[in-house]
There are 2 protein chains.
Amino acid sequence: MAKIVECVPNISEGRNSDIVEACLEPIRQTEGVKLLDYSSDADHNRTVITYAGTPEGCVDAAFGLAQKASELIDLTKHEGGHPRMGAVDVIPFVPVSGVKMDDCAELARTLGARMWEELKVPVFLYEQAASKPTRRNLANVRKGEFEGMAEKMKDAKWAPDFGENAPHPTAGVTAVGARTFLVAYNINLNTDNLKVGKKIVKCIREAKGGLVSIKAMALMLEDRNQVQISMNLTSPFDTPMYRVFELVRLEAARYAVDIVGSEVVGLVPLEALVKSIDYYLRFEGFKSNQIIEMALFGD
Amino acid sequence: MAKIVECVPNISEGRNSDIVEACLEPIRQTEGVKLLDYSSDADHNRTVITYAGTPEGCVDAAFGLAQKASELIDLTKHEGGHPRMGAVDVIPFVPVSGVKMDDCAELARTLGARMWEELKVPVFLYEQAASKPTRRNLANVRKGEFEGMAEKMKDAKWAPDFGENAPHPTAGVTAVGARTFLVAYNINLNTDNLKVGKKIVKCIREAKGGLVSIKAMALMLEDRNQVQISMNLTSPFDTPMYRVFELVRLEAARYAVDIVGSEVVGLVPLEALVKSIDYYLRFEGFKSNQIIEMALFGD
């Protein structure tokens, strides 16, 4: 199986497209990775970038991006609606295929060490790469933002994982981490009764006795006059789409409501789909490299 | 979507591994294609080769293979249990992704022209590339085999599509064509009653009012004490696996029998799987390039 990692860096620039393009260039130039998407928000003054490829390529491209961003983005002049603490604010590595979470945590440490050594940007490790439980949650790490970071980092408790106890004067600090793939998955129901949708959401949510690693809300699709269960599957390999789909169908049946359709918004790892087809067709011993495209491209 | 073609040449050598390896070498050396499998049968004195890749790469690799085979394999000295008429006996091109059957028929014509021009091996086009209905069926084309071909080709009715009315003295003639992907798909039942299996097979076969493009037989898995419905899906995009699975389930229920599991033997195109997941999860507008591996490799 090919080793594939996804990387979703967020940079603190969403207005000047020249700067955004300059930051994307190292990703475009790095062999073994491919830029899949980027989206700038002028209000947030922030750009979310998605690329993927080999583990080594992902680290190299992230370093190149961090280098450009720390040259071109000056946090002392940055304003925008989204909390931020660095020119590159966050860099999560995400296992897609043939790599484990621990491998991605190791990539985070490799990149963090290099960012401090060569760019003098201090790095906090977060989520699955965090060195302490208090650093798992990005919001905790980023609290105080760029403006409060010099003071915050004087506290030994907030010494960075790589670097000295002070932010880079213009590029701030960066959170580098590892996390699971998020699949944005929506299920549409043949009802216009939002209350039914909300009751279903209660049943399927982790906090209410439902599935672990599901974030869900019910909303009205006004143009279709249908209720949608809008979800993030935060662990789509352990909690595959079929289980979510069938549980929603089961709970909806209680109200004589059925599923009209479902949709994946954005990207999904192949393995997350294969888990569902495996369930429905009761596969015995199916391997992803039996898929001809995977046999061709997968190593 | 990446353009992917599969090619499954059969060469008339299954005993001398040096010759087989020499014939595989052009496939291994051609950029854009990958050797996926090969299997030699000494009794048949024949080797079935599977490779895939870009359309152009598939033609180049097939030509390289035909060149080596016509140098190294002498049909005047060939004996084996399988009917054959050429050093390379058949070369079918198979659409996998992003190409149509017509494109594969065109590849067959390109290769056929080149094999005659550069190797002086006459070529018959067959199956979906056939120039006349009588040439669709490979068995018709090959009838008489190598030994009878000189006589057969004197008849204008059997003039080759490329070349003169006589076989190559040692390399014979080759059938080059285009056909659909075959998926070998088996379904196992929780019964040891072979009669039930045979009744199910009757219901699902094309000839008996079942699904088009299904070839099926029932057999006993002695070690599991279960009946297996063993199938070839000859048009897995039009008649996807889920339809076969659900129809077998439906017919089996008539006998209070259920499906234990199913298995894909060998390779399957991604699109054939996606059609099934699309059905079960009632996808709205899902595209294969939402699969991160396809977004990465599928350009």
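Within every chain, residues take consecutive numbers counted from 1 along the sequence as written. To label them, take the chains in the order written and letter them from A, then take the ligands in the order written and number them from 1. Residue-level local features of this predicted model are given only where pLDDT is at least 70; pairs of side-chain atoms are given and counted only at 80 or more, and the full residue set underlies all totals for whole chains, interfaces and linings.

Here we look at the overall build of chain A
- Counting its secondary structure elements, chain A contains nine helices and 11 strands.
- Computation of the radius of gyration draws on C-alpha atoms alone. For the globule rule, the value is 2.2 Å times the number of residues to the power 0.38. Against the compact-globule benchmark of 19 Å for 299 residues, chain A has a radius of gyration of 21 Å, which places it among compact chains.
- In terms of overall dimensions, chain A has a C-alpha envelope of 60 × 45 × 35 Å along the principal axes.
- Classification of the 299 residues of chain A by burial places 48% in the buried group.
- By sequence separation, contacts in chain A at least 24 residues apart represent 71% of the contacts at least 6 residues apart. Numbering of helices and strands runs from the N terminus; a helix is a DSSP stretch of H or I covering at least four residues, while a strand is a stretch of E covering at least two. Using C-beta atoms placed from the backbone, we call a residue buried if 20 or more other C-beta atoms fall within 10 Å of its own, exposed if 12 or fewer do, and partly exposed for counts in between. Contact definition: two residues whose C-beta atoms, as placed from backbone geometry, lie within 7 Å.

Let's talk about the relation of the copies chain A and chain B
- Least-squares fitting of one copy onto the other uses the C-alpha atoms of those residues that reach a pLDDT of at least 70 in both copies. When chain A is fitted to chain B, the best match, at an RMSD of 0.0 Å, comes from turning it 180° and sliding it 0.0 Å along the axis. Here the copies are linked by what is in effect a two-fold axis. Across chain A, the smallest distance between a C-alpha and the rotation axis is recorded for I277(A), namely 2.8 Å.

With respect to the domain arrangement of chain A
- For the domains described, the bounds stem from an automatic or database domain assignment. Parsing chain A into structural domains produces domain 1 (4-178) and domain 2 (183-295).
- Using only C-alpha atoms to locate each centre, domain 1 of chain A and domain 2 of chain A end up separated by 31 Å.

Details of the interface of chain A and chain B
- At the interface, 38 residues of chain A touch 38 residues of chain B.
- Contributions of two or more residues to the side of chain A that touches chain B are made by β1 (4-7), β3 (33-41), β4 (46-53), β5 (88-97), α7 (241-253), β11 (259-265), α8 (270-280) and α9 (292-297) of chain A.
- Examining the composition of the side of chain A that touches chain B, we find that six residues originate from one element, α9(A), more than from any other.
- Lys, Arg, Asp and Glu make up the charged group, whereas Ala, Val, Leu, Ile, Met, Phe, Trp, Tyr, Cys and Pro make up the nonpolar group; the residues left over, Gly among them, are polar. When the residues that make up the side of chain A that touches chain B are grouped by side-chain class, the tally is 24 nonpolar, eight polar and six charged.

A word on the nonpolar core
- Core analysis: the largest hydrophobic core is formed by 189 residues, its most contacted members being V5(A), A52(A), A108(A), V5(B), A52(B) and A108(B).
- What V5(B) contacts, discounting residues up to four positions off in sequence, is A52(B), P55(B), C58(B), F93(B), V94(B), P95(B), V96(B), V99(B), C104(B) and L107(B). We define the nonpolar core as any set of buried residues of the types Ala, Val, Leu, Ile, Met, Phe, Trp, Tyr and Cys, connected via C-beta atoms lying within 7 Å of each other.

Looking at the sheet that holds strand β10 (residues 226-233) of chain B
Residues and elements named next belong to chain B.
- Two strands are said to pair when DSSP picks up at least two bridges between them. Read from one edge of the open sheet, four strands run β9-β10-β8-β11, paired in antiparallel fashion. The open sheet has two edge strands, β9 (214-221) and β11 (259-265), and neither has a second partner. Shown here is a sheet whose adjacent strand axes are inclined to one another by a mean of 20°, direction ignored.
- Pairing of strand β8 (residues 183-189) with β11, which is carried by six bridges, proceeds in the antiparallel orientation. When the sheet's bridge partners are listed, L189 is paired in β11 with I259.
- Whenever a helix is involved, its axis is fitted only over the stretch in contact; in every case the axis is a line through C-alpha atoms, and angles between N-to-C directions fall within 0 to 180 degrees. Contacting β8, β9 and β10, helix α6 (residues 194-204) crosses the sheet at an angle of about 175° to β9.

Details of the sheet that holds strand β8 (residues 183-189) of chain A
All names here are of chain A.
- If you trace the four strands from one edge of the open sheet to the other, you get β9-β10-β8-β11, paired in antiparallel fashion. Both outer strands of the open sheet, β9 (214-221) and β11, are each paired with one neighbouring strand and no more. Between one strand axis and the next, the sheet turns by 20° as a mean value, whatever way the strands run.
- Bridge count for β8 against strand β10 (residues 226-233) is seven bridges, and the pairing is antiparallel. Opposite Y185, over in β10, you have M231 as the bridge partner.
- Strand contacts of α7: β8, β9, β10 and β11, with the helix running at about 25° to β8, the strand carrying the most contacts.

Looking at helix α1 (residues 17-29) of chain A
All names here are of chain A.
- Its 13 residues give α1 an end-to-end C-alpha distance of 18 Å, which sits within 8% of 18 Å, the value for a rise of 1.5 Å per residue.
- Most pronounced at C23, the bend in α1 amounts to some 25°, and the proline P26 follows within four residues.
- Where α1 is concerned, the buried positions are I19, V20, C23, L24 and I27. Take the number of residues in a helix, subtract one, and multiply by 1.5 Å to get its expected span. The bend at a residue is defined as the angle formed between two axes, one fitted to the seven residues ending at that residue and one fitted to the seven starting there.

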